[in-house]
Amino acid sequence: MKFVLPIAAICLLLLSGVRSALILSREVRQYHAALAPATGIPLDSALDGLDASGVHKTPDFDPDEYLKDRGTLVLFVIHHNNLPAEIRYWNSTISSVASSDSIHPLVQYWGICDAGSDCNAYQSTARFCILGYLVPYQMHIAASADTNREALLYGRSGRLKARLPIASAPSAMSRAILPEVRWL
Amino acid sequence: MRIAPRRPLEVAIVALIIFNVLELGVSFRLRSTVQPNRPSEVFPKPSGYLSNGVFVRFPTAGCYVLRVSSDHCGFCRLDEVEYTELVQRARNSGCETVILAPKREQLESNRETSEVLQIQYIDFSFGRALVPYATPETIILSGSGRLVWFQEGAMNQDGLTQALSALGRTSD
């Protein structure tokens, strides 16, 4: 009988310890996730900025407020210190997506300049819309995607549909985009 | 308390108590450390397009007070008194004050005054430093853009006291 209470105490402490350990392991995972740069990207968007001519720019929408042609929008960051090469890369990716056999709705492309208006002069050579300024919410999302070396693909309702790692070659990038933009 | 080795049950109880206390300690430490929406430690000098389409690059100032706010956020109205006092004290200290809404049309342009400008569009470097996922958020930067203090959520009197104290630490 004299061992009942200590054993009960041990059992309760063990249960408490295990429960705390489980909670703690989840907190440690959250801690590491919070320390890692830009792991969390919100699913909603605020696609709103200024284009290379300084004009207010939103995606092309249909009257029912879906993206035009029930399409998608690919958002990525372009870097002013490597601009010609990156414009060639994305032009080639866009050509590759457009010329694929896949039947898909309209894909809009936004290249977010990492240096404000410094990329504007290249708009004439780019097959995508260059934007130097966005609303703060979307600019932080773009910066987070850049930290992760990702392009973001928004679905027809403007919600984040896919995070696409930037491939080393345009052909690989287009292969990553195509499955996400096909008709449902 | 002396623990005799011949009493293994007592040893086990003490060990488990220590284990539980350690777990609580680590958990408390983690919760006080993690701030998922913490802004960057260094900001560029605030700049961007105002809601009226005019580009502004703020002049060099002793410090900067940034406020992320929205008309649709009830909590943003809770600390208007504290925020107004902070702005007045900041202006008296030679600081620039800036309001930003995370998204377009979240702030009426009449919030903008000659003393407090409302930036609507920002560039990449500013966007990377600022984490505008929650409103209200109040940020105090030194003149060189170093993060001195920030608070996510409405300020109470304690928050205001901390903010005013932070204004005194903005010299680089």
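Only a predicted model underlies this, so the values are computations on that prediction, with no experimental measurement involved.

Rules used throughout
Residues numbered from 1 in each chain as written. Chains lettered and ligands numbered in written order. Predicted model: local features only at pLDDT ≥ 70, side-chain atom pairs only at ≥ 80, totals over all residues. Contact = placed C-beta atoms within 7 Å. Helix = DSSP H or I, 4+ residues; strand = E, 2+ residues; numbered from the N terminus. Buried ≥ 20, exposed ≤ 12 C-beta atoms within 10 Å, placed from the backbone. Pairing = 2+ DSSP bridges. Right-handed = clockwise from strand over helix to strand, strands pointing away. Domains from an automatic or database assignment. Axes fitted to C-alpha atoms, helices over the stretch in contact; angles between N-to-C directions. Parallel < 35°, antiparallel > 145°, perpendicular 65-115°, else oblique. Left-handed = near helix turned anticlockwise from the far one by under 90°. Nonpolar A, V, L, I, M, F, W, Y, C, P; charged D, E, K, R; others polar.

**Concerning the interface of chain B and chain A**
So, step 1. Taken together, the contact pairs 30 residues of chain B with 36 residues of chain A.
So, step 2. Listed by contribution, the elements that provide at least two residues to the side of chain B that touches chain A are α1 (8-33), β1 (47-50), β5 (116-121) and α4 (124-129) of chain B.
So, step 3. Sort the elements by how many residues they give to the side of chain B that touches chain A and α1(B) lands first, with 11 residues.

**Here we look at the environment of Pro6(A)**
So, step 1. Inspection of the secondary structure assignment puts Pro6(A) in helix α1 (residues 4-35).
So, step 2. The sequence separation of Pro6(A) and Ser20(A) amounts to 14 residues, and the corresponding C-alpha distance is 21 Å.
So, step 3. Setting aside residues up to four positions removed in sequence, Pro6(A) forms contacts with Leu9(B) and Ile13(B).

**Some points on the pairing of strand β4 (residues 107-113) of chain A**
Residues and elements named next belong to chain A.
So, step 1. Of all 7 residues making up β4, 6 are buried, and the element is well covered by its neighbours.
So, step 2. As paired strands, strand β3 (residues 72-78) and β4 are joined by 7 bridges and run parallel to one another. Across the sheet, Ile78 pairs through a bridge with Cys113, a residue of β4.
So, step 3. On the question of chirality, the crossover connecting β3 to the parallel β4 by way of helix α2 (residues 83-98) is right-handed.

**A closer look at the domain arrangement of chain A**
So, step 1. Considered domain by domain, chain A is made up of domain 1 (1-36) and domain 2 (49-181).
So, step 2. Computed over C-alpha atoms, the centres of domain 1 of chain A and domain 2 of chain A are 47 Å apart.

**A few points about the domain arrangement of chain B**
So, step 1. As assigned here, chain B comprises domain 1 (1-34) and domain 2 (47-167).
So, step 2. Distance from the C-alpha centre of domain 1 of chain B to the C-alpha centre of domain 2 of chain B: 45 Å.

**Observations regarding the sheet that holds β5(B)**
All names here are of chain B.
So, step 1. Ordered by their spatial adjacency, 7 strands build an open sheet running β2-β1-β5-β4-β3-β6-β7, and the pairing between neighbours is mixed. If you trace the sheet from one side to the other, it starts and ends with β2 (55-57) and β7 (147-152), each paired once. For this sheet the average axis-to-axis angle between neighbouring strands, irrespective of direction, equals 35°.
So, step 2. Of the pairings in the sheet, the one linking strand β6 (residues 137-142) to β7 comprises 5 bridges and is antiparallel in character.

**A closer look at the sheet that holds strand β6 (residues 150-154) of chain A**
Residue and element names in this part refer to chain A.
So, step 1. With respect to topology, 7 strands assemble into an open sheet ordered β2-β1-β5-β4-β3-β6-β7, the strand pairing being mixed. Across the chains shown, the open sheet's two edge strands, defined by having one partner strand only, are β2 (56-57) and β7 (160-165).
So, step 2. Across 5 bridges, β6 lies against β7 in antiparallel orientation. Bridge pairing links Ala151 to Leu164 in β7.
So, step 3. Those strands touched by helix α3 (residues 136-147) are β3, β4, β5 (129-134) and β6, and its axis lies near 70° from that of β3.

**Structural notes on the packing of α2(A) against helix α4 (residues 170-181) of chain A**
All names here are of chain A.
So, step 1. Where α2 meets α4, the closest approach of the two axes is 8 Å, and the angle between their N-to-C directions is 50°. As judged from the angle between their axes, α2 and α4 are oblique. Crossing handedness for the pair α2 and α4: right-handed. Together, Tyr89, Ser92, Thr93, Ser96 and Val97 of α2 and Pro170, Ser171, Met173, Ser174, Ile177 and Leu178 of α4 make up the contact between the two elements.
So, step 2. A per-class count over the contact of α2 with α4 returns 6 nonpolar, 5 polar and no charged.

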